[in-house]
Amino acid sequence: MPPDIQPNRRLNLNNIKQQPQEHPCKGKVVSEDYVEGNFLGLPEQGENVDVVVLQVPYELTTSYGQGTAQGPAACIAASGQVELFDASLGQDIPAGANIYTAPEWDGEGNNLGQQLDNISGYLQPWYIGDCFPMVLGGEHGILPPLVLAAQHHPLVDGDLSRLTVVQIDAHADLREELNGETYSHACAAGRSLDLGIGRLLQVGIRAYSKQESELIQSDERITTFFARDIQSTIHGKAAWSRWLETLHTLTGPVHLTIDIDGLDGSLVPATGTPVPGGLSFWQAIETIEAVFSAPDATVISADVNEIVAQENTPLTQFTAAMLATKAIAAHLKARTEGRWEPHGLQEGRNRNLRESTFFSQQMK
Ligand SMILES: [Mn+2]
């Protein structure tokens, strides 16, 4: 494809690690301030942090595919290709905000419990309410340590029953254990319920066990919109409207967790367990926009997980980068419309890891 019909490209997709290219149409460098290693290539602006991009390259229990440990970095590299203009926001990201890409989680911990504690300790300093954490994973097993960190958010205030988790996923992630591991990514939502979250809303679910099906029926904290229903050729539109209406009625603090395998497998072929029959890209976007625009809820954080670096084409990591960008744009819109306000004083960039022994204790 000749370069002169790619006017929107900020970086060449096939050379995402290279320096910014000359813009083929306008004859100038359009991203001269592009910073490699930063989400969207955005330069840093001062000490205050409005949105923090946190990377958790965690992979311990992925059952089928491999490679989630490289996912966050691949997603950040691919984000250089994402347009900064968001039509719903009506302006370019960062829209006056400071988006800070923090150093990635260092992977420390000699066993599963210590690693989960370390993830929680890495995330917790960003959950004091002065900024919006956008977490890139890493396998879905990061969700319980994230929820543990989120209890320190002022709107949760130590009472996780106030927190709603909205989950885009192919899998219910409600298993008691997988291959003997109770903190497997296949148990991420179940362990979050065990931690005490008040409500779990799931969409895109199409791979689940009998036991998970029974739990969905019996546990009134769980509301599940199955992929089969929302994609039905006859009743799909009505089911999709009900999903969006359900999101509109959200109240209190909300965390949005996006397992990219919730999207149709054709969009994210490199993720650990791609599954056919999932959400379209626009259904994922509509879900993100609906969660962030719920009038009585505050989205305190979001994650995009199970990202794997796809070779030959960056489709998987690029799709993940677009979802994370949409979440950031939707957060910035919520700020401008008064649905998100900072709590407490701005603490800047240098935040010390918090000690956690919760998961180590659980596994004793
Ligand atoms: Mn999952």
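Cut-off values and rules
Residues numbered from 1 in each chain as written. Predicted model: local features only at pLDDT ≥ 70, side-chain atom pairs only at ≥ 80, totals over all residues. pLDDT = per-residue confidence, 0-100. Contact = placed C-beta atoms within 7 Å. Buried ≥ 20, exposed ≤ 12 C-beta atoms within 10 Å, placed from the backbone. Helix = DSSP H or I, 4+ residues; strand = E, 2+ residues; numbered from the N terminus. Pairing = 2+ DSSP bridges. Right-handed = clockwise from strand over helix to strand, strands pointing away. Axes fitted to C-alpha atoms, helices over the stretch in contact; angles between N-to-C directions. Expected span 1.5 Å × (residues − 1). Arc of directions from axis to C-beta. Core = buried A, V, L, I, M, F, W, Y, C linked by C-beta atoms within 7 Å. Parallel < 35°, antiparallel > 145°, perpendicular 65-115°, else oblique. Left-handed = near helix turned anticlockwise from the far one by under 90°.

Description of the confidence of the model for the protein chain
The predicted coordinates ought not to be read in detail in places where the model reports low pLDDT. With 90% of its residues at a pLDDT of 70 or more, the protein chain shows a mean pLDDT of 91. Note that residues 1-30 has pLDDT below 50 and, in this model, 36 contacts with residues that lie over four places away or in other chains.

Considerations on the pairing of strand E6 (residues 164-168)
Each regular strand shows side chains that alternate between the opposite faces of the sheet. Burial analysis of E6 places five of its five residues in the buried class, the great majority of the element. Side chains Thr-164, Val-166 and Ile-168 project from E6 onto one buried face, and the interleaved Val-165 and Gln-167 project onto a second face that is buried too. Relative to strand E7 (residues 199-205), E6 runs parallel, the two being bridged by five bridges. Residue pairing in the sheet places Ile-168 in a bridge with Val-203 of E7. In this region the chain leaves E6, passes through helix H4 (residues 188-195) and returns to the parallel neighbour E7; the handedness of that crossover is right-handed. The pairing of E6 with strand E9 (residues 251-259) spans five bridges and is classified as parallel. Along E9, the bridge assignment pairs Val-165 with His-255.

Comments concerning the sheet that holds strand E1 (residues 51-56)
Taken in spatial order, the eight strands make up an open sheet running E4-E1-E5-E10-E9-E6-E7-E8, and their pairing is parallel. Edge positions in the sheet fall to strand E4 (99-101) and strand E8 (222-226), since each has one partner strand and no second. Going from strand to strand, the sheet's axes swing by 20° on average, the running direction of each strand aside. Relative to E4, E1 runs parallel, the two sharing three bridges. Looking at E4, one finds that Val-52 is bridged to Tyr-100.

A short note on helix H8 (residues 281-293)
Taking 1.5 Å as the rise per residue, H8 with 13 residues should run 18 Å; its terminal C-alpha atoms sit 18 Å apart, in good agreement. Restricting attention to buried positions, one finds in H8 the residues Gln-283, Ala-284, Thr-287, Ile-288, Val-291 and Phe-292. All buried residues of H8 project into a common sector of 165° when viewed along the axis, lining one side. Elements in contact with the buried residues of H8: E6, E7, helix H7 (236-248), E9, strand E10 (296-305) and helix H9 (315-336).

Some remarks on the nonpolar core
Counting residues in hydrophobic clusters, the biggest one holds 103 residues, and the most contacted among them are Met-134, Val-291 and Ala-324. Considering every element that reaches this core, the biggest residue donor is H9, with 12 residues. If we skip the residues at most four places from it in the chain, Ala-324 touches Cys-75, Met-134, Leu-136 and Val-304.

Examining the packing of H8 against H9
A packed helix pair is summarised by two numbers, namely the angle formed by the two axes and the spacing between the axes. Close contact between H8 and H9 brings their axes to 9 Å; oriented N to C, the two are set at 25°. If you check the angle between H8 and H9, you find them roughly parallel. In this structure, the crossing between H8 and H9 has a hand that is right-handed. Listed contacts from H9 to Ala-284, Ile-285, Ile-288, Glu-289 and Phe-292 of H8 are Leu-323, Lys-326, Ala-327, Ala-330, His-331, Lys-333 and Ala-334.

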